[in-house]
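So you can see what is in the structure, the chains are spelled out below.
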Amino acid sequence: MQEFIEFTLGGLASGIIYSAIALSLVLIWRGTRVLNYAQGGMAMFTTYVALTVINDTGGNYWLGFLAALAAGFALGAVLERGVVRPTVGKPPLNSVIVTIGILIFIEGLAGIIFYNGQSASFPPAYSIVSLKVGSIALGVSWNDVFTAAAVLAAAVLLAALFRYTTVGLRLRATAFNASVSRLLGVRVGRVLTLGWALAGLIGALAGVLVTPTTFLNPNSMDAIFVLGFTAAVIGGLDSPVGAIVGGLVLGVVLSYVGGYLSADLIELAGLAALVLVLMFRPSGLFAPTAVRRV
Amino acid sequence: MNRSHRLGFVPLAGLAALALVVAACGSSSGSGKKALTASATGITAKTITIGSHQPLTGIAAPGYDEIAPASNAYFQYVNAHGGVYGRKIKYIYLNDQYNPSITVTVVNQLILKDNVFAIFNGLGTPTHLAVVKTINADHVPDLFVASGCECWNQPKTYPDTFGWQLDYVREGKILGNYVEQHFKGKKIGLFYQNDEFGLDGIKGLKYEIPAKQIVAAEPYNAAASNPSQEVGTAAAKLKAAGAQVVISFSVPAFTALLRLSELGVSYNPQNVVSDVGSDPITLEGLLNSFAKKSGSFGKSLLQGIITDGYLPSLGDTTNSWIKLFTKIHNEYIPKLPLDGNVLYGMAVAYTFVQAMFRAGRNPTRASVLAAVNGLPQAVAVAPFAYSLTDHNGITGAYMAEIKNGVLVPIGPVQVTDDTPTGAITTYSGTQPSAPASGIP
Amino acid sequence: MTMLRHVAIAVACGALLLLLSYRLDLYRDLQFAEVAAEVGAVAGLTVLIGISGQISIGHGAFMAIGSYAAALLLLHQHWNIGYVIVASGLVAAAAGGIMGIAAARLRGPYLAGATLMLAVALPSLADKYQSVFGGDQGLSVSITPPAALGATFPLQRWFVWLSCAATLVLLVLLANLVRSRIGRSWRAVRDDEIAASLAGLNVARLQILAFVVSAACAGVSGTLYAMVTTIVTPDAFTLTLSIGLLTAAVLGGLGSLLGAVWGAAILVLAPPFLQDFATSHGFSSAVSSNVPIAAYGVVLIVVMLVFPAGIQGGLRRLLGPAAPVAAAPFSALRRHAPAREEKEEGTV
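Scoring rules and cut-offs
- Residues numbered from 1 in each chain as written.
- Chains lettered and ligands numbered in written order.
- Predicted model: local features only at pLDDT ≥ 70, side-chain atom pairs only at ≥ 80, totals over all residues.
- Heavy atoms only, no water.
- Disulfide = S-S within 2.5 Å.
- Buried < 20%, exposed > 50% of the residue type's maximum accessible area, 1.4 Å probe, protein only.
- Helix = DSSP H or I, 4+ residues; strand = E, 2+ residues; numbered from the N terminus.
- Pairing = 2+ DSSP bridges.
- Right-handed = clockwise from strand over helix to strand, strands pointing away.
- Domains from an automatic or database assignment.
- Contact = heavy atoms within 4.5 Å.
- Buried area = accessible area lost by both parts, 1.4 Å probe.
- Salt bridge = Lys/Arg side-chain N within 4 Å of Asp/Glu carboxyl O.
- Polar contact = N/O pair within 3.5 Å; in protein donor to acceptor, adjacent residues only side chain to side chain.
- Nonpolar A, V, L, I, M, F, W, Y, C, P; charged D, E, K, R; others polar.
- 1 Å grid on protein atoms, 1.4 Å probe; cavity = no way out; pocket = protein on both sides within 12 Å on 5 of 7 lines; lining within 4 Å.
- Points joined across faces, edges and corners; volume = space filled by probe spheres on them.
- Expected span 1.5 Å × (residues − 1).
- Bend = angle between axes of the 7 residues up to and from the residue.

(A) View of the state of the cysteines. Residues and elements named next belong to chain B. Going through the model one piece at a time under the given rule, you end up with one disulfide over all chains. Here Cys-149 connects covalently by a disulfide to Cys-151, the sulfurs 1.9 Å from one another. Every disulfide takes its handedness from the sign of the S-S torsion; for Cys-149 and Cys-151 that torsion is 130°, giving right-handed. The class of Cys-149 is buried, set by a relative accessible area of 2%.

Set out below in structure tokens:
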């Protein structure tokens, strides 16, 4: 029972990070039909920014936290405007290659600017010691609780932004039909930039939340990105709710497989989960009623 | 029996060494200084070119990528102080990303294009195994592989290959012996990398620790997609099995994750960690931002970890070797942290320079191999095993505890062999001090 | 007629390459063999993406399957290397078939995600079944030149011969396939799936076939690569390799077999060149090993924005009147992402 609780809660704690990455991918996909392969690299970079700020301010975590979010927002906007925009309207492979190019460039750049030969330690926001109920250790800490709360809060804020604000209406309209939106006077370009900026921010959030346990180096977000991408595909790339659920499901499944079967099987289990879902739902669990352009 | 075997060889090796030294001295004093010639591939009158494969980028890079620059710093120091008989060492280390296929490519480049004299300190077990055959087929000296695998000790199959660091089997025996004596009857859990490194270490441990005492064995995969999740599960299982002592054969990132995961499941066993995964400076670099958030476990997460060391402790600032290497570090590579990897890189470079001096004024590939056999002890706390029939390197280590971020020895230097029954004995010799010039 | 022409060209190339292999030193021979080995995988991928309009971000997985199959056959069955190359291609083709069945239902990023995860998960099998696949030390692959060539015949040159011969055969087969009815059908499916199926083409079957063909090429290529590097290990088939193949196909010029040759050459030759450059300009270790990475990223972005048809497209533009062929594969790929923007451009 103790193990079951630990595996479940531990799986959810990992899964919420995949959810955050998945959410950032979904934001961009819905707006621009681009899958951002650089999302993990961007999050790595903004986490380095956070660490630099934390070290320069004598250990002020929250300044670093905010710096990462701001950097993520700015980086998303700059990249969209600078190198991704020209690929819009071109075949999708162009944007795939451009975002892979961004990923490779960012990792090289981080290696040149920040990296000193060792992975760096990145602080958690709160204690990582297990919480207890009576004498039973739950296998989650205040930091895990904070992580989950931060991702869910970000998701709720995003949902509110989309639903209740004019900006959100424009974002939704553009995601639904860019050309009609343009005819209706929406500045589609700006809206797309905003979408990337928001995604950059969510990615940056994921970066600062997960890096305490991955340690920070130019490749530290690679594997997390792959799992986040898998979560997004499982949930359905058009669905923010799907992103959250996909991440949690993936986290728990991998935790059970690692705990009850064997750690060697984790990657294969990820593949199996993906294939299983896609076999029955080729556009993910939360796909809107099947749309295939005719 | 194994002891007598060892003892039988030390004097022999010593004699051989003496003979070489005498020969070298004789030739130089007899006929004046011989002119420097291009006596072998990779050697000119002015340079010695050597090469290596190292992970400089990618997931295996952090930490390991400091070793080659550290070796190079020591070579630069030697070059600036007269070189090896006047020759300057040129060290070409190429990035193989810890991918054995790329290792093959870069080693081919070193041998066929760059015409190196020797391959030096090629890093990694799977990577170096991919090239060890080729290197030996080409008769290129393959000196001081950066891996404690037993596989380098095959003088018949791989006459040109030599290990250097304390091999994992010997290390497992020394660790196991300590645990068996000091934690009698306690339940023991194992945490290890699921490859040659972890498996060799566990093999050595099991020579000393009865199987029934081991209650859990949790392997991890170094290339795991989400290491923290994998290690978290392992910690939960070790805890559930009731292990009171956890012995780890892990790399530093996984040692650090294990400590964090133990906190995450409220578990506080005695941690015993092999040398590879216990460098306090590296670990502190990974964990320093946790120290104040770790609650009741005290100031440092590392306090009290038991480990072993085969090089002097970086914490012992009065040690002549540490002084020397600190000086070189500050002069040549001040940007890198002065950690166990840097110490390792300089120490192995020192051994290479030692061998080159012994190989004579105009060295050949054969003379450098002969020079390695019977190489005298220097930077390491225990002597080398090198002989005509043994290509293992350092033969022993001291047990230590991490206290306030440094390795503090808690026992004498012990030496042993790599057989199941070979005794573990206290080393009676003393380690020489570093030469004042810093050059062998 | 085309068949004959292709064979004639291949024979001519083969003769040239044979002469070249005698002119190069052993190290260049090895690099040459490595380029030739990689061409197959890039060519297969360029056909899959550029002609059939499907994407794979995990093509390294099929190279892994082919090379492990070859290593096992050589170790346990001691087959002749020629048979091994064919057999490993067939094994990889079978795996491609399975992937293709899944792929035929998937579109765009969903297919990308599935292939990506395949590439991530597959190497872990080697750790799981260490007794068969040798764990992270992998399996060694050793072949020797036939005795008829003499005892002093360098192994490196034999690698060149084998890789070039096998790859030329692959390229001839691919060139014919691309120009055959199947190739035309692939293009039709790529350009408009619905129209193709209305015209009576079995879309799913054609897409699966494309995966089979492309995986077979990757399998053969993996075998050649294993032979040249003398070893098969899980660490060789990381995501980095798969992404490298994809970028090579794009840099070379998607859909073009000649482009695959340029792409493979860049993939193999650029890293040592860039590292030499960075080291010789006195950068520190951390910088010199990361400069090539950053530079490669920039090149990818710039090429995609300025030269989207890759090297082969650029050559065509330089050498002759604008050939529509170069642009065709790209416009066709739009099908992947029903971006609303495009619809507008199409109708206005």
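So much for the structure itself; the text now carries on.
(B) Representation of the pairing of strand β2 (residues 88–95) of chain B. Residues and elements named next belong to chain B. Of all eight residues in β2, six are buried, a share of seventy percent or more. Relative to β2, strand β1 (residues 47–54) is paired through eight bridges, and the arrangement is parallel. For Ile-50, the partnering residue across the bridge sits in β2 and is Tyr-91. Where the polypeptide runs from β1 across helix α2 (residues 67–80) and back to β2, its parallel neighbour, the crossover connection is right-handed.

(C) Main features of the domain arrangement of chain B. All names here are of chain B. When the domains of chain B are assigned, the result is domain 1 (2–166 + 316–394) and domain 2 (169–309). Between domain 1 and domain 2, the contact holds 15 residues from the first and 12 residues from the second. The largest share of the area that domain 1 buries against domain 2 comes from Tyr-64, Glu-150 and Leu-166, three residues that together contribute 38% of it. The tally of links from domain 1 across to domain 2 stands at zero salt bridges. Taken together, the links from domain 1 to domain 2 amount to two residue pairs in polar contact (both at pLDDT 80 or more). For the side of domain 1 that touches domain 2, the per-class residue count stands at seven nonpolar, five polar and three charged.

(D) Inspection of the pairing of strand β1 (residues 130–133) of chain A at higher detail. Residue and element names in this part refer to chain A. Bridge count between β1 and strand β2 (residues 136–141): three bridges; the pairing is antiparallel. By the bridge assignment for β2, Val-133 is matched with Ile-136. In this antiparallel pair of consecutive strands, β1 and β2, the connection spans two residues, and Gly-134 shows a positive phi of 65°.

(E) Expanded view of empty space enclosed by the protein. Residue and element names in this part refer to chain A. Counted according to the given criterion, the structure contains eight cavities of 30 Å³ or more. There is about 600 Å³ of room inside the second largest cavity. No other element matches helix α1 (residues 2–32), which puts eight residues into the lining of the second largest cavity. Residues belonging to the lining of the second largest cavity are distributed by class as follows: 14 nonpolar, 17 polar and two charged.

(F) Spatial organisation of helix α4 (residues 125–137) of chain B. Residue and element names in this part refer to chain B. The first and last C-alpha atoms of α4 sit 19 Å apart over 13 residues, in line with the 18 Å expected at 1.5 Å per residue. The sharpest bend along α4 reaches about 40° and sits at Val-131. Looking only at α4, the buried set comprises Thr-125, Pro-126, Thr-127, His-128, Ala-130, Val-131, Val-132, Ile-135 and Asn-136. His-139 lies just past α4 and shows a positive phi near 55°.

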